[in-house]
Protein chains: 2
Amino acid sequence: MRIALLGGTGDIGEGLALRWGYHSGHDVVIGSRDPDAAHAAADDYEATLESHGSDAKITGFENAMAADRADVIVLAVPPYHVADTVEAVADNVGAGDILVTPAAGLTRDEDGFHYHPPSAGSVTALVADAAPDEVPVVGAFHSLAAGRLADLNADLDVDTLLLADDEDAKDTVAGLAADIDGIRPLDAGGLANAAEVESLTPLLINVAQRNDGLSDLGVRFR
Amino acid sequence: MRIALLGGTGDIGEGLALRWGYHSGHDVVIGSRDPDAAHAAADDYEATLESHGSDAKITGFENAMAADRADVIVLAVPPYHVADTVEAVADNVGAGDILVTPAAGLTRDEDGFHYHPPSAGSVTALVADAAPDEVPVVGAFHSLAAGRLADLNADLDVDTLLLADDEDAKDTVAGLAADIDGIRPLDAGGLANAAEVESLTPLLINVAQRNDGLSDLGVRFR
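Residues numbered from 1 in each chain as written. Chains lettered and ligands numbered in written order. Predicted model: local features only at pLDDT ≥ 70, side-chain atom pairs only at ≥ 80, totals over all residues. Heavy atoms only, no water.

### Observations regarding the UniProt feature "domain: Pyrroline-5-carboxylate reductase catalytic N-terminal" (unreviewed entry) in chain A
Stage number 1. The UniProt record marks residues 2-105 of chain A with the feature "domain: Pyrroline-5-carboxylate reductase catalytic N-terminal" (unreviewed entry), using the residue numbering of this structure.
Stage number 2. Its end C-alpha atoms 28 Å apart, residues 2-105 of chain A is made of 43% helix and 23% strand. (UniProt positions renumbered as here; feature names shortened; annotations may be inferred. Helix = DSSP H or I, 4+ residues; strand = E, 2+ residues; numbered from the N terminus.)

### Considering the packing of aromatic side chains
All names here are of chain A.
Stage number 1. Going through the model one piece at a time under the given rule, you end up with two aromatic pairs over all chains.
Stage number 2. Plain terms: the ring middles of Trp20 and Phe141 are 5.6 Å apart, the flat faces sit at 80° to each other, and that makes the pair edge-to-face. Separated by 121 residues along the polypeptide, Trp20 in helix H1 (residues 11-23) and Phe141 in the loop between strand S8 (137-139) and helix H6 (146-150) bring together distant segments of the chain.
Stage number 3. Under the relative-accessibility criterion, Trp20 is labelled buried at 0%.
Stage number 4. Overall, Phe141 belongs to the buried group, its relative accessible area being 1%. (Phe/Tyr/Trp six-rings, centres within 6.5 Å; stacked < 30°, edge-to-face > 60°. Buried < 20%, exposed > 50% of the residue type's maximum accessible area, 1.4 Å probe, protein only.)

### As for the relation of the copies chain A and chain B
Stage number 1. Placing chain A over chain B gives an RMSD of 0.0 Å and needs a rotation angle of 180°, together with 0.0 Å of translation along the axis. Taken together, the rotation and translation describe the operation of a two-fold axis. Judged by C-alpha distance, Arg220(A) is the residue of chain A that lies nearest the rotation axis, at 2.6 Å.
Stage number 2. With an isologous cut-off of 70% or more, the 100% of interface residues of chain A that recur at the interface of chain B puts this contact in the isologous class. (Least-squares fit on C-alpha atoms with pLDDT ≥ 70 in both. Contact = heavy atoms within 4.5 Å.)

### Brief notes about H1(A)
Stage number 1. The terminal C-alpha atoms of H1(A), which comprises 13 residues, lie 18 Å apart, in line with the 18 Å expected from a rise of 1.5 Å per residue.
Stage number 2. Taken residue by residue, H1(A) has Ile12(A), Gly13(A), Gly15(A), Leu16(A), Ala17(A), Leu18(A), Arg19(A), Trp20(A) and Gly21(A) as its buried positions. (Expected span 1.5 Å × (residues − 1).)

### Considerations on the sheet that holds strand S10 (residues 183-187) of chain B
Residue and element names in this part refer to chain B.
Stage number 1. One open sheet holds the eight strands; their spatial order is S3-S2-S1-S4-S5-S8-S9-S10, and the pairing between them is mixed. Single-partner strands in this sheet number two, and they are strand S3 (58-62) and S10. For this sheet the average axis-to-axis angle between neighbouring strands, irrespective of direction, equals 25°.
Stage number 2. When strand S9 (residues 158-164) meets S10, the two strands line up parallel, connected through five bridges. Along S10, the bridge assignment pairs Val158 with Ile183.
Stage number 3. Against the sheet, helix H5 (residues 123-130) touches strand S4 (72-75), strand S5 (98-101), strand S8 (137-139) and S9, its axis set at about 170° to S8. (Pairing = 2+ DSSP bridges. Axes fitted to C-alpha atoms, helices over the stretch in contact; angles between N-to-C directions.)

### Quick word on the interface of chain A and chain B
Stage number 1. Listed by partner, the interface residues are 35 residues for chain A and 35 residues for chain B.
Stage number 2. Roughly 2800 Å² is buried in total at the junction of chain A and chain B, and carbon and sulfur atoms are behind 57% of that figure.
Stage number 3. Sorting the residues of chain A by area buried against chain B places Glu196(A), Leu203(A) and Arg222(A) first, and these three jointly supply 26% of that buried surface.
Stage number 4. Summed over the shared surface of chain A and chain B, the number is two salt bridges.
Stage number 5. Connecting chain A to chain B are 15 residue pairs in polar contact (both at pLDDT 80 or more).
Stage number 6. Listed by contribution, the elements that provide at least two residues to the side of chain A that touches chain B are strand S7 (112-115), strand S9 (158-164), strand S10 (183-187), helix H8 (194-198), helix H9 (200-210) and strand S11 (219-221) of chain A.
Stage number 7. The element that contributes the greatest number of residues to the side of chain A that touches chain B is H9(A), accounting for seven residues.
Stage number 8. Looking at chain direction, S11(A) and strand S11 (residues 219-221) of chain B are connected through three bridges and run antiparallel. (Buried area = accessible area lost by both parts, 1.4 Å probe. Salt bridge = Lys/Arg side-chain N within 4 Å of Asp/Glu carboxyl O. Polar contact = N/O pair within 3.5 Å; in protein donor to acceptor, adjacent residues only side chain to side chain.)

### Side note on the packing of H1(A) against helix H2 (residues 35-51) of chain A
Residues and elements named next belong to chain A.
Stage number 1. Where H1 contacts H2, the two axes come as close as 10 Å, and the packing angle between them is 45°. The pairing of H1 with H2 is recorded here as oblique in orientation. As for the relative orientation of H1 and H2, their crossing is right-handed in sense. Across the interface between the two elements, Glu14, Ala17, Leu18, Gly21 and Tyr22 of H1 pack against Tyr45, Thr48 and Leu49 of H2.
Stage number 2. Class assignment of the residues belonging to the contact of H1 with H2 gives a composition of five nonpolar, two polar and one charged. (Parallel < 35°, antiparallel > 145°, perpendicular 65-115°, else oblique. Left-handed = near helix turned anticlockwise from the far one by under 90°. Nonpolar A, V, L, I, M, F, W, Y, C, P; charged D, E, K, R; others polar.)

### Some words on the side chain of Thr201(A)
Stage number 1. Positionally, Thr201(A) belongs in helix H9.
Stage number 2. In this structure Thr201(A) touches Ala104(A), Leu106(A) and His142(A), once residues within four positions along its chain are discounted.

### Some thoughts on the nonpolar core
Stage number 1. By size, the foremost hydrophobic cluster in this structure holds 39 residues, and its most contacted members are Leu16(B), Trp20(B), Ile30(B), Val74(B), Val100(B), Val138(B) and Phe141(B).
Stage number 2. Not counting the four nearest positions on each side in its chain, Leu16(B) is found in contact with Leu5(B), Val74(B), Phe141(B), Leu144(B), Leu149(B) and Ile180(B). (Core = buried A, V, L, I, M, F, W, Y, C linked by side-chain atoms within 4.5 Å.)

### Topic: the sheet that holds S10(A)
Stage number 1. Overall, mixed pairing links the eight strands, which are arranged S3-S2-S1-S4-S5-S8-S9-S10 (chain A) in an open sheet. The open sheet terminates on both sides in strands that have one partner only, identified here as strand S3 (58-62) and S10 of chain A. Strand after strand, the sheet turns through a mean of 25° between neighbouring axes, direction not considered.
Stage number 2. Pairing geometry for strand S2 (residues 27-32) of chain A and S3(A), over five bridges, is parallel. Residue Ser32(A) lies in a different strand from S3(A), and its bridge partner there is Glu62(A).
Stage number 3. Against the sheet, helix H9 (residues 200-210) of chain B touches S9 and S10 of chain A, its axis set at about 95° to S10(A).

Below, the structure written as C-alpha cells:
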C-alpha cells in the first residue's frame, strides 16, 4: 500500500514515516507545501533507515502530488492547517482513498494543556466536513508520542484508538497501525466519539510534564 | 486514616471499600442517605473481606455522620448527586478534611458514551464550587473499573490520575491510591485540567464495548 504523510516534514510525520519504513513494506511518500522540503525530509528519513539496516525508499513531493500517489493520506499537519490541507488536495483524492487525521486542538495556560476543539466539535469532524463525500475519514494515532516513534531503538508497547464511520476504512488503517511493531489498534467507534479520543493528547502532555520518567508518553488500555 | 465513601453502597464505593479494606489498614466508613442501606453494605463488604482472609472492619452510617467521622471523604455518588451530597455534609467537613471526587458526567447515544460536563466545566469543578472554602477537593479514581476493583482476585496494574490545586491534599490521596496494590497514582495537575481526565470515563466504556477481551478496562500511561 502507498501511504502519503502530508506535512510529513513535521514531528509526527517523521515518526510515522520512519516506523512504516522500518517495520512494513509499504511505500511511504512525504508531502509538504514546499516540494524541496519534502525531498530533503525524504532523503533524511531514508538515511536514518539505512543507518538502522533498512533499505526502505522514501520519496518526497508537494502535498497534492503526494496525495495523488497514495491510497492512504495522513494529515500530519497542525490542527489549524487540516482544513486548508484537505482543500489543497481535494482534487487528488477520490473513491478508494482514505484520509487519516491524528491532530487534536489544544490550548495552553498556566495549568497546562487543554482540549480546545474547533466549532465542528473535533478536528476529526472538521476533516470529515472538508473531505470529498466519497473519501472516508479515519481518526488515528492521536496518542502516539512523535519522539518515541522517531527513535527506532525505542519500544512502543502502546495502543492507538481508531475512529471512523466507514468500517472498511477503519480496518485498513487498523492494519497499517498493527504493521508497526508495538502498536495495538483499538476500535473507539464512530467519528462522533472523536472529542474524547482527541482529549487524550493534552492529557498525555500534562501527565508527561508532571511525573518523572514519563516523557514521550503513550497509553495502554488494560 | 479514616476514609468515608459517601454513596458507598454503589459500584465504585464497593470497589474502593473492598480494596482499602483488603490492602490497607485504613478505617473504611460506608455512607448512604439511608443508614440501614449503609449498615447492610458495610456488613456485606466485611463478609466479602472475611471470605478473602481479611479481618478488616467496615462500618456504615448516614452520609453526614460518615463524613463527620472521616478525614478523607470520597463522593462515590452519580454526578447529578455530587452537589446535593456536598451540601448535605457541608456542616460535617472542615479544615483538615479532604473531599475526593471520582465522577464524570456522561451522555449516551447510538454512537456510544460521550463526555458531558456540567456548566461548571467539569464534575470536579462542580464539587470545588460546592465545597466549603477550607476543604480541598481532589479528583481521583475516574479511570478505575468498579467491577475489577470489587473482584479481589483481579490484578489491577492500572494508573489513576490525581487533580488538585492543594498539593498536600493531592499527596495524601495519592498515598491512599498507592496503598491499593496495582494502582499507580499520577499527577495530572490542577482542577482546571479535570475535563480531560473525566473524558477518560466515556472513552474507556466505548473502548471496552467495542474490543473483545477488554471489559472492566483501565489505563496505564507508559
